[in-house]
Each structure stands twice: as C-alpha cells, then as structure tokens.
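Single-letter residue listing:
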Amino acid sequence: MSKLYALEVKIQIEKDDNDNDVTLEVADDCEWAVDLKQTNSDEERKGVIISAQEEIKRDDTGSDNVCNFVMKWPGSKKQSYLTVMTELNPHSINSDLCGDDLWTQIIGMKCNGIEPIRWNITADTLPLIFALSYAKGDDDDGTADQWETGEQDVKFECQIFIGDATTPTIIRILDWRFIAVNAGGKGKGKSKKKKAKK
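Thresholds, definitions, all that
Counting of residues starts from 1 at the beginning of each chain's written sequence and follows it residue by residue. This being a predicted model, a pLDDT of at least 70 is required before a residue's local features are given, and a value of 80 or more before pairs of side-chain atoms are given or counted; all residues contribute to the totals for chains, interfaces and linings. To get the side-chain values, all heavy atoms of the structure are used, and hydrogens and water are removed first. Only DSSP runs of H or I reaching four residues or more are called helices, and only runs of E reaching two or more are called strands; each is numbered from the N terminus. Relative accessibility under 20% of the residue-type maximum defines a buried residue, over 50% an exposed one, and the middle range a partly exposed one, all with a 1.4 Å probe and only protein chains included. When DSSP finds at least two bridges between two strands, those strands are taken to pair. Axis lines are fitted through C-alpha atoms, for helices just across the contact stretch, and the angle between N-to-C directions can take any value from 0 to 180 degrees. Residues adjacent in sequence count toward polar contacts only when both atoms are side-chain atoms; beyond that, a polar contact is any pair of N or O atoms within 3.5 Å, and within protein one must be able to donate a hydrogen and the other to accept it. Contact criterion: two residues are considered in contact whenever any of their non-hydrogen atoms come within 4.5 Å of each other.

**Q** Whenever I open this one, unusual backbone geometry confuses me. Can you help?
**A** Most peptide bonds take the trans form, and the phi angle of most residues other than glycine is negative. Phi is positive for Asn40, which is not a glycine, with a value near 60°. Although it is not a glycine, Gln152 sits at a positive phi angle of roughly 55°. Structurally, Gln152 is set in the loop between β12 (148-149) and β13 (156-160). Classification of Gln152 by relative accessible area gives exposed; the value is 67%.

**Q** Help me understand the sheet that holds strand β3 (residues 31-38), please; the structure alone is not making it clear to me.
**A** Two modes of strand pairing occur in sheets, parallel and antiparallel, and in both the strands are linked by backbone hydrogen bonds. Strand order across the open sheet formed by 3 strands is β4-β3-β10, with antiparallel pairing between neighbours. Across the chains shown, the open sheet's two edge strands, defined by having one partner strand only, are β4 (44-51) and β10 (114-119). Ignoring which end each strand starts from, the neighbouring axes of this sheet average 45° apart. Summarising the sheet, β3 and β4 pair through 6 bridges and their orientation is antiparallel. In the strand pairing of β4, Ala33 is matched with Ile49.

**Q** Would you mind showing me how to read the side chain of Gln12 here?
**A** Structurally, the position occupied by Gln12 is in strand β1 (residues 3-14). In this structure the side chain of Gln12 is engaged in a polar contact, spanning 2.5 Å, whose partner is the side chain of Asp100. Here Arg172 takes part through its side chain, which lies 2.6 Å from a polar atom of the side chain of Gln12. The contacts of Gln12, once residues within four sequence positions are left out, are Cys98, Asp100, Ile170, Ile171, Arg172 and Leu174.

Have a look at this one:
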C-alpha cells in the first residue's frame, strides 16, 4: 500500500532595512539526496539520489507504471518504489509563509515499501534546490546562491544585499523533517524528523 510523505522545512526570512522580501522557489528538476528505510523494518539504504526527471518502469507490473526510484530490499521478492510528487511543491515561498514555528512543505514522495527518513542537504547543494529571486537595484552587489553553514539553531544561512539597503536580507533554514501526510496534504501520525548535523 502506498503512503505519501512530505519534506517540510522551517525557513526564516529577516528583511533588510528597506523591508525587501525574497521569494524561494523549489526547482522541479532538482535532485533529492535522501536516506531510505524499508517499511516495517530497520533496513536502510543511505545516499540515494532521486530525481523527478528520471522515470523508471517497474518490472513487477503488467502495465506502463513508472516511478522515480525502484529497488528490492534483501530477502524481498517485491519491488519497493518511490515517485516524486512535484505537484505538491509550493508555487513560491516568501516571508508570509515562513517563521520559527511554521513548517513549509517543499516536496512530496509517494512510497511503497520505502520510507524517506533523512534529507542529506549541504550548503553547496542548496542553490540547486531553492531558486532565490528579489527586486534587484542598480547597485545590487549581493548574491542569491551562496549559502553557509549556520550557528547554534540555524542549519544554513544566505545573506543578500538588495539595492541601497545597508543591512542584508537573511534567509535561514532552521530545520527539516519528513512527515506522513494524508491525501489532503495534512500531516498525520508521527513525523519522520531529521536532526541535521552541523
């Protein structure tokens, strides 16, 4: 039986002294580096790269069913598979959708025999996930694709100077987790929370 999991992120946007906002958009063609667990087992597969652009035909069906990742766990005769649900991506994320206590869903994964348990993200791969856009001024000397490892409760941080602002707009990623969701996109049960290493 298939289950739907969502990857949720806590994002904080601190506006500059000109009150400039930033919009983050999740790329449909990005790759997701995750660790997977077999359903009802402790067996794990680490370092898996999944892309919605890679379609794989399952060989255990008589139809043309495709997915984005397929495997067989040791001792299992059936294929386990995962499909990226890009239609669950938010159109855009700005400061209205962010906050210290607000989880924002960024991708969905429909799974059978598999559970995503960790998102393996780094400062170098974050620009491939989030496209940042903002109103640029003539003297804009900021960059929208340089993330750094944060401190204390901040996992990653990106600072952007926009126009003639004297303080930067700061985007912080505070935490992320996988959570089981129902058909309506709302969480249920226990979340698959991932504590990132600094």
